[in-house]
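Each chain, letter by letter, is given below.
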Amino acid sequence: MTLMRLERPGPFMDGVRSLPLFRRYFGDAFPSNSNLAIDLCKRGGVSGSSQLVHLGCGPGTVSSIISSKFGCTISGIDPSPNLIGIALTEWKRESLGFERAPLDKTPLIDAWGTHLLTESRLSVVRNPSQILKEIHRLLSDDGILMNSELVVTNPSLLNENVNRFLDTIFGQDEDRSMDGWVSLIEANGFDIIEAREERQIMKANRKKLGRAMMGFRLLQRTGGLSLSELGLGAFEDDFNEVVNSTLKAMDDGLISYGSFISKRSAL
C-alpha cells in the first residue's frame, strides 16, 4: 500500500481494531476512552429519553456502557463487519442495536437522533465534511453532536516523519488544531457549545503506545507482524525512528486530544 490518502479509514485503524492483541493493548475506544465518552454524554445532556447515534461504535463496548449508564436508546453504526459482528454477539439488547454501514451513508431516518457521539472518526477520513453532513441529517432540530478528535497543538513544530505517519494512519492532512476542528465543525452546520483540550487522554495513550510498540517490535523481528499488511509498508526501514519521534511529540504536547460539544443549526 502506498501513502495515498483514503476516503475510508485505512487498514491500520479499520483492520486492527478487531484483533485481540490490539484490543488488549489499546481497549475498544482508542484513541478515546470510555470515561471521556461518558463525560461527553453528561456534558451533552444525554438522558433516559435520548435517542443516541453512536457513529463508529466499533465492537460496541462503549455503546453498552453508555446505555447502562444513561438508560437511553442507542443505535450503533460502524463500517467494519468484524467489529459489528462482535457488537451483535456481545452487546445487542432491546434498547441497543448495531448495524454495519458507511459512516457517511447510514440507514437511519432523518432526524432520528437527539444526540450523536463519535470518537476520533472524523480524524480518520480524508473528507470529514461528508460525515458531518450525514451527522447533520441524523440529528433532530437542536440535536447535540458530541465528538472527540486527535489534535495537533502546533502543526509547524511537528516532525515531518511524524506528520507522514499520522497522515497514513489517520487518512488526512487537514488542520488538526483545536481551532481547525472548531472551524470545520462550524462550517458544516453546527454551533460550538464547548471545545476542550483533553491532555490526559493523550498522556494515557502515550503509555499504551509505548507498551504496545515493544510488543510490535518483537513480533516484527520474529515475523509475526507485517507492516505492509497493516498499511504501513512505507515505514519498514525507519519504523523505530518514526515511532520514537511520535512518542516524543506526545511527550512534548504537540500531539494531543480534544472534545467538542455542538448544537445542530440550519445549514
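Remember, predicted model here, so these are calculated numbers, not experimental data.

**Here's the deal with helix H5 (residues 81-90)**
Within the span of H5, buried status applies to Leu-83, Ile-84, Ile-86 and Ala-87. The arc that holds every buried residue of H5, seen down its axis, measures 155 degrees, which confines them to one face.

**Looking at the pattern of salt bridges**
Here the structure, examined in full by the defined rule, presents 10 salt bridges. Across the salt bridge formed by Asp-110 and Arg-137, the nearest N and O atoms sit 2.6 Å from each other. With Asp-110 in the loop between strand S3 (96-100) and strand S4 (113-119) and Arg-137 in helix H6 (residues 128-138), this pair connects stretches of sequence that are 27 residues apart. Of the residues examined, Asp-110 reaches a relative accessible area of 54% and is grouped as exposed. Among the ionic pairs, Arg-199 bridges to Glu-197, the shortest N-O distance being 3.2 Å. With a relative accessible area of 56%, Arg-199 lands in the exposed category. Connected through salt bridges with shared partners, the residues Asp-39, Arg-43, Glu-194, Arg-196 and Glu-198 form a single ionic network.

**Examining the pairing of strand S7 (residues 255-264)**
Among the 10 residues in S7, 9 count as buried, and that is most of the element. Relative to S7, strand S5 (residues 139-152) runs antiparallel, the two being bridged by 9 bridges. Residue pairing for S7: Asn-147 is matched across the bridge by Phe-260. In this sheet, S7 lies alongside strand S6 (residues 190-197) in antiparallel orientation, the contact comprising 7 bridges. Looking across to S7, one finds that Asp-191 is bridged to Lys-263.

**A short note on the sheet that holds strand S1 (residues 51-55)**
One open sheet holds the 7 strands; their spatial order is S3-S2-S1-S4-S5-S7-S6, and the pairing between them is mixed. Only two strands of the sheet have a single partner each, and these edge strands are S3 and S6. Averaged over all pairs of adjacent strands, the angle between strand axes in this sheet comes to 20 degrees, irrespective of strand direction. Pairing between S1 and strand S2 (residues 73-78): 5 bridges, direction parallel. When the sheet's bridge partners are listed, His-54 is paired in S2 with Gly-76.

**Brief notes about the environment of Glu-160**
Relative to the helices and strands, Glu-160 is located in helix H7 (residues 160-170). Each C-alpha atom, one on Glu-160 and one on Ser-245, is 9.6 Å from the other, the two residues being 85 residues apart in sequence.

**Considerations on helix H4 (residues 61-70)**
Counting buried residues along H4, 7 of its 10 residues qualify, which places the element largely inside the surrounding structure. Burial in H4 covers these residues: Thr-61, Val-62, Ser-63, Ser-64, Ile-66, Ser-67 and Phe-70. Downstream of H4 by one or two residues, Gly-71 has phi in the positive range, about 70 degrees.

**A short note on the confidence of the model for the chain**
On average, residues of the chain carry a pLDDT of 83, and 75% of them reach 70 or more. By mean pLDDT, helix H1 (residues 11-16) is the weakest element of the chain at 50, and S1 is the strongest at 98. Low pLDDT (under 50) marks residues 1-12, which in the prediction has 35 contacts with non-local residues, meaning those over four places away or in another chain.

**Digging into the packing of helix H3 (residues 34-43) against H4**
Here H3 crosses H4 at 45 degrees, and the two axes come no closer than 10 Å. Considered as vectors, H3 and H4 are oriented oblique to each other. The handedness of the crossing between H3 and H4 is right-handed. Packed against H3, whose contacting residues are Ser-34, Ala-37, Ile-38, Cys-41 and Lys-42, the element H4 presents Val-62, Ile-65, Ile-66, Lys-69 and Phe-70 at the interface. A class-by-class count of the residues in the contact of H3 with H4 yields 7 nonpolar, 1 polar and 2 charged.

Reading guide: rules and limits
- Residues numbered from 1 in each chain as written.
- Predicted model: local features only at pLDDT ≥ 70, side-chain atom pairs only at ≥ 80, totals over all residues.
- Heavy atoms only, no water.
- Buried < 20%, exposed > 50% of the residue type's maximum accessible area, 1.4 Å probe, protein only.
- Helix = DSSP H or I, 4+ residues; strand = E, 2+ residues; numbered from the N terminus.
- Arc of directions from axis to C-beta.
- Salt bridge = Lys/Arg side-chain N within 4 Å of Asp/Glu carboxyl O.
- Pairing = 2+ DSSP bridges.
- Axes fitted to C-alpha atoms, helices over the stretch in contact; angles between N-to-C directions.
- pLDDT = per-residue confidence, 0-100.
- Contact = heavy atoms within 4.5 Å.
- Parallel < 35°, antiparallel > 145°, perpendicular 65-115°, else oblique.
- Left-handed = near helix turned anticlockwise from the far one by under 90°.
- Nonpolar A, V, L, I, M, F, W, Y, C, P; charged D, E, K, R; others polar.

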